[in-house]
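Close look at the chain arrangement
Each chain, written out:
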Amino acid sequence: MSAALPAGKTCTDVPASKGRKDGARACTEVTRTAGSRTAAPLAAGTCSVQPGYYHFDRHSYCLSDARLTYTLYDPVNGSVKGVGEISLSGSATLDAGSGWWNELFTATVTRLEGNVRSLAVKLTASCANSCGMLNADAWGTKVLVLGQSASSHVTFSSYPASGTVTQITPQYALQLYQPGDTPGDWSHNWSLPTKVRCDAESAGYGCVIGQIRAQLNLPLSQYGTAAATYWYAQAALADHWGAPDNPLSRNKSEAAAKANRYRTCEEGSSIPFYPQDDIPTDSCDEYPFAGTFQGGQDGGSCAEILPKFEGGTWKIYYFLGRKPTGYEPCVRGHVPLKQNTDAGGEYGRFIQNERVLDAEKFTLSIAG
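Predicted model, so just to flag it, every value in this text is computed and none were measured. (Residues numbered from 1 in each chain as written. Predicted model: local features only at pLDDT ≥ 70, side-chain atom pairs only at ≥ 80, totals over all residues. Heavy atoms only, no water.)

**Description of the overall build of the protein**
Note the following rule: The way it works is that DSSP assigns letters per residue, a run of H or I at least four long becomes a helix, a run of E at least two long becomes a strand, and they are numbered from the N terminus. Radius of gyration means the value over C-alpha atoms here, while the globule rule gives 2.2 Å times the residue count to the 0.38 power. Using a 1.4 Å probe on the protein chains alone, a residue whose accessible area is under 20% of its type maximum counts as buried, one over 50% counts as exposed, and one in between counts as partly exposed. Note on definitions: a residue-residue contact is assigned when non-hydrogen atoms from the two residues lie within 4.5 Å.
Along its length, the protein carries 3 helices and 22 strands. Scaling as 2.2 N^0.38, a compact globule of 368 residues should have a C-alpha radius of gyration of about 21 Å, whereas the protein reaches 28 Å, well beyond that. Across its three principal axes, the protein shows a C-alpha extent of roughly 95 × 45 × 30 Å. For the protein, with 368 residues in total, the buried portion stands at 49%. Counting contacts in the protein only where the partners sit at least 6 residues apart, residues at least 24 apart contribute 71% of the total.

Next comes the structure, spelled out in C-alpha cells:
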C-alpha cells in the first residue's frame with residue numbers, strides 16, 4: 001500500500017542578519033512533481049513507490065524521494081530571491097520479536113539557486129500513544145551544500161503491558177533554513193500515514209503494521225496432502241475460507257481450539273473419522289483450522305476427502321464415495337500425521353511471526 005507525504009507550506013519573516021542587509025520572507029513546502037528531478041540516493045535499498053510517497057507492508061515502511069523546498073521571497077514585491085531543495089528518503093523495518101525499531105533517513109541537497117547557497121537541515125521524530133524515543137534527533141543540525149547528504153536514524157520504542165495492544169503514530173519535524181538565520185517557524189511537520197501496532201498479547205513484544213492483512217503460506221510443494229486439503233476447501237467449497245474475499249479469524253483460546261477439534265475430528269463428530277490403511281499414519285486434518293472462529297463444525301457435515309499425488313498431479317478422492325455438494329461448511333482430509341503436524345507447526349509460527357491477534361483476520365495461500 002502507498003500514501004503521499006502530507007502536503008504543507010509554512011512561512012516566516014526572516015530579519016536582516018550577518019551577511020544579508022535586508023530581510024526576507026522564507027517558506028518551506030513539499031513538492032511532488034518529479035519534472036526533471038536530479039537523482040538522489042535512497043536511505044536504504046530501493047523504495048518501490050513513486051517519489052513523494054510512502055510505501056508500507058506488514059513489516060516495513062519507506063518514503064521515496066520526497067522533495068522539500070526552502071524559498072526566499074522579497075517581502076515588498078514577493079519576488080523569489082533564492083531557492084534551496086532537498087530530497088528526503090527513509091526506511092524502517094519492524095521487528096515481530098521486539099518493541100523497538102530504527103528508521104533511517106537520508107537528506108540530500110538537490111538544488112541551490114540565487115541567494116540560497118547552503119541549507120541547514122535538522123530532522124527530529126516523536127510518537128503518539130504509549131511509545132517513546134530512544135533517539136529522537138537524526139543527525140543534529142547539518143549544513144549542506146549542493147550534492148551533500150546527511151544520513152542517520154531515529155529509534156522508536158513501545159513496551160505495552162502484558163496482554164495489551166497499542167497503536168503508534170510516528171511523527172516528524174524537519175527544519176530547513178539558511179545558516180546564520182535564527183531558526184524560525186519554517187519547519188515541515190507530518191505523521192506516518194499509517195499506524196504501527198505493537199502488542200504483548202503473545203510471547204514477548206512485537207510490532208507490525210496491522211492495516212496490512214497477514215497471509216499464511218502453506219505451499220503444496222512443502223506441505224503436500226495437508227495443503228491439498230486446504231486447497232480443495234478454498235477451490236471447491238462455497239465459503240472459500242481463507243481467500244482474500246473471505247478471510248479466517250484467529251481464535252487465541254486453546255480451550256476453544258481443543259473443543260473445535262473434538263467436534264470436527266474426534267468423538268464429538270456425528271460421523272466418526274476412520275483412518276485408512278492405504279495412507280500411512282493417517283490423521284484427520286480439518287479446515288477451517290480449529291484455532292479459528294470458523295473452525296469447530298460438526299465433522300459429519302464436512303466434505304471428507306483423500307488427496308493423493310499420482311502421476312505428477314494431485315487427485316481428490318471422496319471418502320466412501322460420498323461426493324460433496326460444494327456447500328459443506330468444512331473439510332476433513334486424510335493426511336499423513338507428519339504433514340498434518342508440520343502444517344500445524346507452521347501455523348503456530350505464523351501467528352507469532354506475524355503478530356496475529358485474537359479475532360484478527362488473515363488469508364491462506366497454498367501456491368507453490
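And the narrative resumes.
**Overview of unusual backbone geometry**
Backbone geometry follows two general trends: most residues other than glycine have a negative phi, and most peptide bonds adopt the trans configuration. The omega torsion across Tyr-287 and Pro-288 is 5°, close enough to zero to call that bond cis. Residue position: Pro-288 is located in the loop between strand S18 (282-287) and strand S19 (303-310). At Asn-129, a residue that is not glycine, the phi angle is positive and equals roughly 80°. Residue classification places Asn-129 among the partly exposed positions, given a relative accessible area of 45%.

**Here's the deal with the sheet that holds S18**
Which entries qualify depends on this criterion: For two strands to count as paired, DSSP must find a minimum of two bridges between them. Inter-axis angles, ranging from 0 to 180 degrees, are taken between N-to-C directions of lines fitted to C-alpha atoms, where helices are fitted over the stretch in contact.
Across the sheet, which stays open at both edges, the 4 strands sit in the order S18-S21-S19-S20 with mixed pairing between neighbours. Each of the sheet's edge strands pairs with one partner strand only, and the pair in question is S18 and strand S20 (313-318). With strand direction ignored, the average angle separating the axes of adjacent strands in the sheet is 35°. Where S19 meets S20, 6 bridges bridge the pair, whose relative direction is antiparallel. Along S20, the bridge assignment pairs Ile-305 with Tyr-318. Packing of helix H3 (residues 337-353) onto the sheet brings it into contact with S18 and strand S21 (331-336), and relative to S21 it is tilted by some 115°.

**Digging into a nonpolar patch on the surface**
Note the cut-off: What makes a patch is a set of residues exposed beyond 30% relative accessible area and free of salt bridges, joined within 9 Å when like-charged and within 5 Å when nonpolar (Val, Leu, Ile, Met, Phe, Trp, Tyr). What sets the accessible areas is the Shrake-Rupley method with a 1.4 Å probe; for residues, cover comes only from the shown protein chains. For this document, the term salt bridge refers to a Lys or Arg side-chain nitrogen within 4 Å of an Asp or Glu carboxyl oxygen.
Nonpolar side chains collect at one region of the surface, where Trp-100, Leu-134, Tyr-159 and Tyr-205 lie side by side and expose about 430 Å² of accessible area between them. As for its position among the elements, Tyr-159 is in the loop between strand S11 (149-157) and strand S12 (165-177). You can call Tyr-159 partly exposed: its relative accessible area is 47%.

**Quick notes on the side chain of Ser-118**
When you line up the elements, Ser-118 lands in the loop between strand S7 (100-114) and strand S8 (119-128). The contact partners of Ser-118, leaving out residues within four places of it in the chain, are Leu-112, Val-143, Leu-144, Val-145, Tyr-177, Gln-178 and Pro-179.

**Some thoughts on the environment of Thr-325**
Applicable threshold: We define a polar contact as two N or O atoms separated by no more than 3.5 Å, with the added condition that, inside protein, one atom must be a possible hydrogen donor and the other a possible acceptor, whereas residues neighbouring each other in sequence contribute only through side-chain atom pairs.
Secondary-structure assignment places Thr-325 in the loop between S20 and S21. Thr-325 gets classed as exposed once you look at its relative accessible area, which sits at 60%. Put simply, Thr-325 and Ala-233 are 92 residues apart on the chain and 12 Å apart in space, counted from C-alpha to C-alpha. Polar side-chain contacts of Thr-325 include one of 3.1 Å to the backbone nitrogen of Tyr-327.

**Looking at helix H1 (residues 220-236)**
Within an α-helix, residues lying three or four positions from one another point in the same direction, as the helix has 3.6 residues per turn. The following threshold applies: Expected span, for any helix, means 1.5 Å times one less than how many residues it has. The angle between axes fitted to the seven-residue stretch ending at a residue and the seven-residue stretch beginning at it gives the bend at that residue.
Here H1 is 17 residues long, yet its end C-alpha atoms lie only 16 Å apart, well below the 24 Å a rise of 1.5 Å per residue gives. At Ala-226, H1 shows its largest bend, some 75°. Residues of H1 that are buried include every one of Tyr-223, Gly-224, Thr-225, Ala-226, Ala-227, Ala-228, Thr-229, Tyr-230, Tyr-232, Ala-233 and Gln-234, and no others.

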